[in-house]
Amino acid sequence: MNMARITPLQPPYETPAGEEVKQMFGEQTPYVLFTTMASSERAWAKFRAGSLLDGRLLSLREREIIIERTCARTGCEWEWGVHVMVFAEKAGLSRQDVAETLRVPADPSRWSASEAALIRVVDALHERSTLSDEEFAELSAHYNSEQILEIIMLTGHYHTISYLAAGLALPLEDGAARFADYEALVSS
């Protein structure tokens, strides 16, 4: 295991942030990203304020496509692996779907039209930090303005999480998916 660059909050998690972490994870050992962020009350509050996981505007599948693609494009195996482990099956993403989040360039024929639009948006934001009129029009054909804001914010939020995980050199979580477990599926 890597040496922590910032010491994560340690049990018994008796700070306000620690109490929230305990509540989130119950009996499960909390993920190191959460305990690291909770080591600073300010960082924890800002981190939690960015949460877009309520499922109100996007389906779980749409959300996970955005998150997994964003994390794959940033090379953040830590967050990608956790999301694959925890959410991929619940979101109806097959093993091949998950592998496709790693494919660059994307193969739009592997996705529905709306899902392909999500992949293109994540790629455009990753590569150019903007959307062309054509990319925005394609997204608008499938999503309303409130959803589009959420899609862009979700992509940005997971860029930030990717920067945190990489910048802090977080050790990969036990049981989380690894890029190598899926890369062979996209090279065929």
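Residues numbered from 1 in each chain as written. Predicted model: local features only at pLDDT ≥ 70, side-chain atom pairs only at ≥ 80, totals over all residues. Heavy atoms only, no water.

## Looking at the environment of M37
Piece 1. Relative to the assigned elements, M37 resides in helix α2 (residues 32-37).
Piece 2. Residues M37 and T130, spaced 93 residues apart in sequence, show a C-alpha to C-alpha distance of 29 Å.
Piece 3. For M37, the contacting residues outside a window of four places in its chain are A43, W44, F47 and L164. (Helix = DSSP H or I, 4+ residues; strand = E, 2+ residues; numbered from the N terminus. Contact = heavy atoms within 4.5 Å.)

## Here's the deal with the nonpolar core
One broad rule of soluble globular proteins: the nonpolar side chains tend to lie buried together.
Piece 1. By size, the foremost hydrophobic cluster in this structure holds 55 residues, and its most contacted members are L33, W44, W78, W80, L139, I151 and Y182.
Piece 2. No other element matches helix α7 (residues 113-128), which puts eight residues into this core.
Piece 3. What L33 contacts, discounting residues up to four positions off in sequence, is F47, W78, E79, I161, L164 and L170. (Core = buried A, V, L, I, M, F, W, Y, C linked by side-chain atoms within 4.5 Å. Buried < 20%, exposed > 50% of the residue type's maximum accessible area, 1.4 Å probe, protein only.)

## So, the pattern of salt bridges
Piece 1. Counted according to the given criterion, the structure contains 14 salt bridges.
Piece 2. For R61, the salt bridge identified is with D97, shortest N-O distance 3.5 Å. One end of the pair, R61, is in helix α4 (residues 60-74); the other, D97, is in helix α6 (residues 95-100), and 36 residues separate them in sequence.
Piece 3. Looking at R61, the relative accessible area reads 23%, which means it is partly exposed.
Piece 4. With relative accessibility at 14%, the residue D97 sits in the buried group.
Piece 5. Linking R73 and E127 is a salt bridge whose minimum nitrogen-to-oxygen distance equals 2.9 Å. Taken together, the positions of R73 in helix α4 and E127 in helix α7 put the pair 54 residues apart, joining distant regions of the chain.
Piece 6. Residue R73 is classed as buried on the basis of its relative accessible area, which comes to 16%. (Salt bridge = Lys/Arg side-chain N within 4 Å of Asp/Glu carboxyl O.)

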